[in-house]
Structure formats: structure tokens, C-alpha cells
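Remarks on the overall topology
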Amino acid sequence: MTFLEKQTDPTAPLHWRGNMQADYLYPNGVAGDKFFKHIMQNDSFLATKCDECGKVLFPPRLYCEDCFIEIPEENWMEVPAEGTVRLFTVAKLNAHGKKLPEPKIMAMIDIDKTDGALLGVIKSNDSERDFTGARVRANLRPKDAREGTLKDIVNWNLI
Amino acid sequence: MENRKEEKPTYPKYAPGTHVRTSDIRDKKITYTWWEPEIQYAWSLGNAMSKFLQGLKEGKILGVHCHKCNRLIVPPRSFCEYCYGPTEDWVELKDTGTINTYSVSYLDPNANRIEEPILIGVISIDEAYPKPMGFMHYFGEMSKDEIHIGMKVKAVWKPEDEREGSINDIKYFKPLGGGE
Amino acid sequence: MIKKDVAVIGAGMTLFRRRLKETGKELSFLASKMAMEDAGIQKKDLDMVVMGTAPDAFDGIHMKGENLLDGAAGAGKPYVRVFNGGGTGVFAPIAGWWHVASGVADVCLVVAEEKMGSCYPHPQTAFRHIWDPILDRPLNPNLVWLFAMEMNRYMTVHNIKKEDIARVAVKNKRNAVGHPCAQLADPNITVDDVLNSEMMAWPVQRLDISPPSDGAAALIFVSEDVARQYTDNPIWIDGVGWNIDSTMWTNRDLYFPRYVAKAARMAYKMAGISNPRKDIDFAEPYDPFDYKELHHMEGLLLCDKGEAPILTREGVTQRDGDLPICPSGGLLGVGNPIAATMGQKVCELYWQLAGKAGKRQIPGDPRIGVGQAWGDIMQMATVMVMRR
């Protein structure tokens, strides 16, 4: 099929502009709520251990997605807010393609004593170095400013 | 002895989940993450819709034919969705029609309550076919008690210098008075 | 063409509420786990997983099928998300059915999830974006307008009184009293309560509408080859149908949902049902609004056009009537987490046919039931026929 008629008027409108505005409130979830409430009070993290596969799940979960069993209450454990950089990249542009004032070092950090990882920003003036394997510690907001979201982790300091 | 039927369990046997009330959020009993996405779009109009909006800007309602299905289509499109053939032969339609259905709304787009109701509905445009053939728009110059299905209506246009090639170049449809 | 008969051997469902603390993944897990326990199945037994979840804009997570998969036992499995708006609640089980009927899976988990409470200021905000951006959205429409216009057209064509429509809301909210997940069960509601409730967009009033909800539901489908390994009492899927009409809704007469009739005929033909009024013992038509139950009874060919309000008035559609409709309590009584209404529309068929519905059980050992969902811009119908 081909269209038989075409719009040939060069002054005719071509586009209609708009957005898809809506705001969101995501409850952090049953496991997430416990995780973030712990961070609000402590300088450490929580993880959950699956009895079936033995994995220490981080961030902590209500269930193990591999074994598909619920994690019992007693399998919640405290782990240090420290880890090792597994992967990293250095961002020089922001999400809108504008140049950032400072390069931003984004890393995936394997959290100590767990089988899980977290994304974070590494605080360093040297954006040229290789961060792979670097030891890092979470730099948390002052306790009275913590609000129970990922933003409570400001960035990660090299140890 | 009484022979009682054993009470069978009701499935689902339990109902997992934790109800959160608005007050739980206000009082920060649960933690949550807030996000305000920002995305802008520019939707391409395509040939048919471009021509239709250009027509509205000029104070005209345009329709287009599918001769195979014997349809005079409005809003116009480049193809007929039933036979999947191309449409052709554009015509200007009279800006009069019949109310096919309507509502009297006390809700704004975000479900907030409004005092003065909005009259909204579908207008089947007189010269287009088969019926119903038309589009959604507002109604004005009539009360919520006067509006009815089958009512004859006519478009009220914005002044020419305010028209911009939009469905809102028509302000609303008003009752088609006698003599018009 | 169909290689295997497909049986349902387990179902699960979470609480339905305006907002739940659980994430979508956690809800998916809770529903899936219940269905798997019911069926005696573990994750390793699952060949495939189907996820049904409606617009991304409710949960506020793009590609939410991927976000949810861990909670739906999908990690490391052949997994697919299906989606057609409000039709998803029955379309997800249809997709589960074809995974098994085609012979490619013996055991398939179907999960349906929706989390509407995340969307602010109201789930209606997300519904704004389903309208045509050029022709409809500049008029700033609220989705309730669309239903109000359809309801008005239906009422006017058949000269139906509002009180005859309100009876549906009363019946379903009362039926929901026996449902442990129900959000708006009310044993004392009356027709006057509905008629006196807040006017939203005439003719739609507050109590004509089902509430937005968070929730999840799950089903286990197995092939005829393995069904008897798991249960002595499988419930069979006899027919499926789906159909969608043109998006140009202002060019269609909304008084009758002809796409529902087409989907129903497809399902009835497959199920060998020649006289649906006689053969079908009960139905779970989609009831996001009270008039929709009536509209869909007519679309499902369970009565003549315009006859559904009369049957309702005469008590035929009550749980103990000749043709029980929405014995679960429907969306009006149990809640409307879009895709997760699979819990009322298909899980309920299973519970009723298996004699497991307890307080909600239809008397007289029903043998054949039909479930249906509906969505998009008054255009999508999904139908499933199940048999004991």
C-alpha cells in the first residue's frame, strides 16, 4: 500500500509537543524498608542469607530469586559498609549530554561478606587511574540528615 | 445425630501483603523513594493529521474518503483501518453534527474535584459517514440539563488570529439554533 | 493444531489495597509462592514463566517486566511479559495456555502484577497518557470521561435506569465479603448508597467505580501429560479468545462491545460451546465499572443486548441465581490492580470449579465458567473458558 495523497503545504504543522508528566512514590518494599531504616541508624549495611544456596544476598531481599524461597527473619545479618570496586566508568557528560564540572567516577562495588554489589560514586581527584580492585568505604550523610533512600550514601571514599 | 457438612477452607487461604495508609507515608512510618521524571516529546503528525490541523487553523473540518468501504472519515487518516487501503479525496465538512454521547464531569484531568462541571462528548459530524463518525470535544452555551444524546450542535471557533493548528481551534460545540 | 490440553493446578493472590508496602517484585513473589505451594511445584519444575503487567506508567518503572522477573521465578528461565492494558488479566493466562498447548512447556507459571499506588498525584495521572496526544489530550481529558460517555450511550440506547446498574455494584461488593484479599467488600451496601454517592462524571458516581489497587496473582498451568502427577482434580482450559477493535473510538458506536463478542465466539468455538446461555454455569466478566459487567455479559453472548440489567434486577446473576456473575466480588468489591485482576477473572474460575471457593462457593457444583477482561481505549477483549 502506498499513500495516495501527501501534505505539500510547507507551512502546515509537523509536530505536536507534549510530555508524559506523572510523579512517583516508590515504597522501598518490605526488605528495602528494613535495609534503609538500618542505614538511618547505623554506619553499616544489612544482608540476607539463603539457606538453600548459601548466598549472602545484597541488597537484602525477602526471597532468594534462584531458590525461590522466603528468607527467614534470623537470616538477616549486619555487614560493613565497605567493599571492593569490581567495575567502574568515568562520566564526563550528564544525562542531558552537558559537560560535568568534574568527571564523575561511577563504580559497581562488591560489598564485603556478601555475594552482592551496589552502584556508587567514588570520591577521588584522580579520574585517570584504574579503580578496579580499589577498597572503598561508604560516606554516609550525617545521621540526622538521613532519610531512608539511596541518597543517604553520598559517595564512596578510597580506604 | 446431626450430620454436619464439614466447613471447607476458602481459597486463597491467606492474603499476603502489608497495607500502607497515606498517614503512614506522612508520618514516615515507611521509607520510600520519590521521583519526578522529566521527558518531553515531539510527536510527528504525519500527512493526514498535519492536513487536518492545518484545516482547523483555517476554520475548516476536513474529512477523507475510503471509497472501497464507503466511508467519509473524520478525523482523517492516511489509510482505512478496516480494508487497509489508502484514503483519498479530501473534502471540507460542515461544522455541524449530532451528540453521539456525552458526560457531565466534576473531575479534572488529575481526578481533582471541580465545582463547575465540564460538558464533554463525542460529536458525530453531519456529512461524515457511516455514523458515528466524528471526534471528542467540549460543549458550551447549554446547561447540564439541556444536553442530550441526539442534540444538534455546531462548532464555535476561536478567532482566526488565535488559531494555531490544534483541536482547540474549536472552542466547543453549541446548540444548533433555529434558522442556522 | 492444539497439541496438548492444558490444566490449572494451583493459584495464588495477594491482598489488594490502595497501596501496599511490598515492591512489585515482592508482590509477585508472594503470589507465585502461594500458587506453587498450592500446586506442589518448585522453581526447578517450571519450564517457562509468563508475566502480565499493564502500563509501565503505573509502577513508574520502564520495562517493568524485567524489573519484576526475579519475583516471578523468571530468573534463568524462558520468560516473557505480555501486556494489553486492562485485557492483560486474562491475556497473561492465555499466553500461559499457548506455552503449554503448543507443546513447548509442560509446566508454566503465570504471574500478574500491578502497583498503581506509586503513581502521583493519582493513578489517573498515568491514564492521561493513553489518549491520542494530538486529538484527545489537548482537551485535557480524564479517563473517567471515556467510561461515562460509554455508559451514557449504553443507558440511552437501551433506556436503562441508573438504579438497575447500581445493583451490580451492590451485588459485587456484597459478594466480596467472602474474599480474604478484598479491598471494598461491604455486606450492608444498598442501591441508594450507590445512587447517593459522589457524582464524578455523569452518569458515573463514586460507587460505580472499582478502586485503584496494588496487588498480584499467579497460576500454575500444566500439560495433560503431567497434570495427574500433581493433582486428582485438574481444572481444564477449554477455550481462549481475544480481539481488538479500532483505536478510533469516536468512529464506533460504544453501546455494544462487538470485539468482546468476537473474542467470545473464538473461545466458545474452541470449547465446543454452541449455546453459551445454556452451557455456561457462571461468569467473571470484567467489572471495573458496574455498567461494564452488564455490557460484557451482553458481549459474552450470555443474554440479549439490553437484557443484562433485567437479569440483574431479577436476581439471576446473584451467587445463588441461575447465572452467577462475579462470584469473586469482581473488581468492584475485591479491587482493580489492572493486570492482577487475573485473581478474580481466572483464579476465581479455578477456585469455583475446584470447589475451593469456600464462603464464595457457587451452589450446585458448577462445571463450566467463563472469565473475561477488557482494556485499552474501549477496544480490547480477552476471554477464557474453563471446565471441571
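To start, this report covers the structure provided alongside it. Because the structure is a prediction, the values reported are computed rather than measured.

Basis of the calculations
- Residues numbered from 1 in each chain as written.
- Chains lettered and ligands numbered in written order.
- Predicted model: local features only at pLDDT ≥ 70, side-chain atom pairs only at ≥ 80, totals over all residues.
- Heavy atoms only, no water.
- Phe/Tyr/Trp six-rings, centres within 6.5 Å; stacked < 30°, edge-to-face > 60°.
- Lys NZ or Arg CZ within 6 Å of the ring centre and 35° of its normal.
- Contact = heavy atoms within 4.5 Å.
- Buried area = accessible area lost by both parts, 1.4 Å probe.
- Salt bridge = Lys/Arg side-chain N within 4 Å of Asp/Glu carboxyl O.
- Polar contact = N/O pair within 3.5 Å; in protein donor to acceptor, adjacent residues only side chain to side chain.
- Pairing = 2+ DSSP bridges.
- Helix = DSSP H or I, 4+ residues; strand = E, 2+ residues; numbered from the N terminus.
- Core = buried A, V, L, I, M, F, W, Y, C linked by side-chain atoms within 4.5 Å.
- Buried < 20%, exposed > 50% of the residue type's maximum accessible area, 1.4 Å probe, protein only.

With that settled, consider the packing of aromatic side chains. For the coordinates displayed, the defined rule picks out 29 aromatic pairs over all chains. Ring geometry for B:F79 versus B:Y84: centroids 5.5 Å apart, planes at 65 degrees, classification edge-to-face. An aromatic cluster of at least three residues, connected via ring pairs, comprises A:F35, A:F36, A:F45, A:F58 and A:W156. Residue placement shows C:R81 over the ring face of C:F83; its charged tip is 5.1 Å from the ring centre. The lysine or arginine in question, C:K305, covers the ring of C:F256, its NZ or CZ lying 4.4 Å from the ring centre.

Contact residues are listed per partner, giving 34 residues for chain C and 24 residues for chain A. Three residues, C:K21, C:E26 and C:F29, lead the burial of chain C against chain A; their summed loss comes to 25% of the area buried on that side. The closest approach of N and O atoms between A:E70 and C:K33, which form a salt bridge, is 2.8 Å. For the pair chain C and chain A, the number of links is 15 residue pairs in polar contact (both at pLDDT 80 or more).

Residues and elements named next belong to chain A. Bridge count between strand β8 (residues 82-93) and strand β11 (residues 135-140): three bridges; the pairing is antiparallel. The residue of β11 that forms the bridge with E82 is R137. Pairing geometry for β11 and strand β12 (residues 153-158), over five bridges, is antiparallel. What sits directly across from L140, in β12, is I153.

Let's shift gears to the nonpolar core. Grouped together as the largest cluster of nonpolar side chains are 155 residues, with contacts concentrated most on B:F52, B:I61, B:F139 and C:M386. Sort the elements by how many residues they give to this core and helix α6 (residues 143-158) of chain C lands first, with ten residues.

What follows concerns the interface of chain C and chain B. Each partner contributes residues to the interface: chain C has 62 residues there, and chain B has 57 residues. Carbon and sulfur atoms supply 64% of the area buried between chain C and chain B, which totals about 5,200 Å² over both sides. Of all residues in chain C, C:I134, C:L139 and C:W145 give up the largest surface area on contact with chain B, accounting jointly for 14% of the area buried on that side. At the junction of chain C with chain B, the criterion picks out one salt bridge.

Without other data, these values stay purely geometric and don't point to any function.
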